[in-house]
Amino acid sequence: MSTEELGRMYGRFTDYAWRYEGRDVYTVDGEQERIDAFLRSGVVPRKTRDNNGWIRIVEDVCARGASIGRVRAVGRPVTDYTRFEFAAYPDNIAAGEDVQVIERQQLDRAWDSVPDFWLFDDTTAFVQHFDEAGRFLGAERVDNVAPFLEIRRMLTEPGRTVGAEHYALDSVPQQRRSHVPAPPALHVPSLSH
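What you see is a predicted model, and the numbers here were worked out from it, not measured in a lab.

*Asks:* Describe in detail the sheet that holds strand 3 (residues 98-103), supporting the description with residues and values.
*Replies:* Taken in spatial order, the 7 strands line up as 6-5-4-1-2-3-7 in an open sheet, and their pairing is mixed. Each edge of the open sheet is held by one strand with a lone partner, namely strand 6 (136-141) and strand 7 (162-163). Along the sheet face, helix 3 (residues 53-63) touches strand 2 (67-74) and strand 4 (117-120) and points at about 130° away from the line of strand 2. Lying on the sheet, helix 4 (residues 80-95) is in contact with strand 1 (16-21), strand 2 and strand 3; it crosses strand 2 at an angle near 160°.

Next comes the structure, spelled out in structure tokens:
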């Protein structure tokens with residue numbers, strides 16, 4: 001399993017790190033209390049370098065002149081987790097992460113088989129594995145990055161996405177963009193133990 005190797009990549013890449021984030025629900029240990037508090041209050045505690053490891057990674061990446069970003073696919077109906085995540089994105093964006101959004105309705109049905117993945121510097125890709133409840137199981141490095149590069153190209157074409165800072169979860173018709181055809185065929189490595 002390459003989860004540890006994926007973790008080290010955030011400090012090793014030189015140009016960019018990019019993620020396709022395609023799930024509507026993620027289950028992260030210790031996060032349910034924060035989600036429940038958000039659902040009650042509509043407020044997410046501010047994430048800073050001092051209290052959040054991801055913010056620290058993003059700021060460090062940007063400080064060395066590299067970029068980090070993602071495209072987040074949003075399904076309908078919008079889940080509570082998606083609402084929580086979008087409430088937290090302003091801190092990611094303030095730290096320097098480029099968070100883009102695409103409506104799942106824009107994607108060909110074949111995109112349902114595309115796993116979450118990270119791509120680094122056009123050379124390295126890691127598929128992320130989750131169970132049905134959205135619990136992270138691990139990551140595997142892929143041998144052939146070409147289809148993952150093509151997916152990134154397809155999703156980052158001008159006009160395909162909306163910046164998260166300009167995206168409203170409840171205003172679908174105004175944000176529809178062009179249809180995205182089927183992705184290339186992928187060989188997704190199975191989770192090794």
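*Asks:* Account for helix 4, naming residues and giving values.
*Replies:* Spanning 16 residues, helix 4 covers 24 Å between terminal C-alpha atoms, matching the ideal 22 Å at 1.5 Å per step. Taking the largest bend as the criterion, helix 4 deviates by roughly 35°, centred on Ala88, and proline Pro90 comes between one and four positions later. All buried positions along helix 4 are accounted for by Tyr81, Thr82, Phe84, Glu85, Phe86, Ala88, Tyr89, Asp91, Asn92 and Ala95. Residues of helix 4 that are buried make contact with strand 1, helix 2 (32-41), helix 3, strand 2 and strand 3. Of the residues flanking the end of helix 4, it is Gly96, one or two places downstream, whose phi is positive at about 120°.

*Asks:* Explain the pattern of salt bridges to me, using residue names and the numbers behind them.
*Replies:* Inspection of every chain in the model, using the stated rule, returns 19 salt bridges. The shortest N-O distance in the salt bridge between Arg141 and Glu5 comes to 2.5 Å. With Arg141 in strand 6 and Glu5 in helix 1 (residues 3-9), the pair connects residues that are 136 residues apart, well separated along the chain. The class of Arg141 is partly exposed, set by a relative accessible area of 37%. Between Arg19 and Asp116 there is a salt bridge, with its nearest N and O atoms 2.7 Å apart. On the criterion of sequence distance, the pair formed by Arg19 in strand 1 and Asp116 in the loop between strand 3 and strand 4 is long-range, its members being 97 residues apart. You'll find Arg19 and Asp116 in the same group, each marked buried.

*Asks:* Can you explain the packing of helix 3 against helix 4? Please cite residues and give values.
*Replies:* With their axes 8 Å apart at the nearest point, helix 3 and helix 4 run at an angle of 25° to one another. As summarised for this structure, helix 3 and helix 4 are arranged roughly parallel, according to the angle between their axes. Contacts between helix 3 and helix 4 involve Trp54, Ile55, Val58, Glu59 and Cys62 on the former and, on the latter, Asp91, Asn92 and Ala95.

*Asks:* I'd like to hear about the environment of Asp108, residue by residue, with values.
*Replies:* Mapped onto the fold, Asp108 is located in the loop between strand 3 and strand 4. In this structure Asp108 comes out as partly exposed when scored by relative accessible area, which is 24%. For the pair Asp108 and His179, spaced 71 residues apart in sequence, the C-alpha separation works out to 7.3 Å.

*Asks:* Summarise the environment of Phe13; cite the residues concerned and give the values.
*Replies:* The residue Phe13 is located in the loop between helix 1 and strand 1 in this model. Note on Phe13: relative accessible area 2%, which makes it buried. In this structure the C-alpha to C-alpha distance between Phe13 and Thr3, which are 10 residues apart in sequence, comes to 16 Å.

*Asks:* An account of unusual backbone geometry is needed here, citing residue identities and associated values.
*Replies:* What is expected of a backbone is that most residues other than glycine have negative phi and most peptide bonds are trans. Here the residue pair Arg76 and Pro77 is connected by a cis peptide bond, since its omega of -5° sits within 30 degrees of zero. For Pro77, the location among the structural elements is in the loop between strand 2 and helix 4. In this structure, Asp121 is a non-glycine residue whose phi angle is positive, near 50°. Tracing the chain through its elements places Asp121 in the loop between strand 4 and strand 5 (124-130). Note on Asp121: relative accessible area 17%, which makes it buried. Phi at Asp122 is positive, roughly 60°, even though this residue is not glycine. With respect to the helices and strands, the residue Asp122 is situated in the loop between strand 4 and strand 5. Judged by its relative accessible area of 42%, Asp122 falls in the partly exposed class.

Scoring rules and cut-offs
- Residues numbered from 1 in each chain as written.
- Predicted model: local features only at pLDDT ≥ 70, side-chain atom pairs only at ≥ 80, totals over all residues.
- Heavy atoms only, no water.
- Pairing = 2+ DSSP bridges.
- Helix = DSSP H or I, 4+ residues; strand = E, 2+ residues; numbered from the N terminus.
- Contact = heavy atoms within 4.5 Å.
- Axes fitted to C-alpha atoms, helices over the stretch in contact; angles between N-to-C directions.
- Expected span 1.5 Å × (residues − 1).
- Bend = angle between axes of the 7 residues up to and from the residue.
- Buried < 20%, exposed > 50% of the residue type's maximum accessible area, 1.4 Å probe, protein only.
- Salt bridge = Lys/Arg side-chain N within 4 Å of Asp/Glu carboxyl O.
- Parallel < 35°, antiparallel > 145°, perpendicular 65-115°, else oblique.

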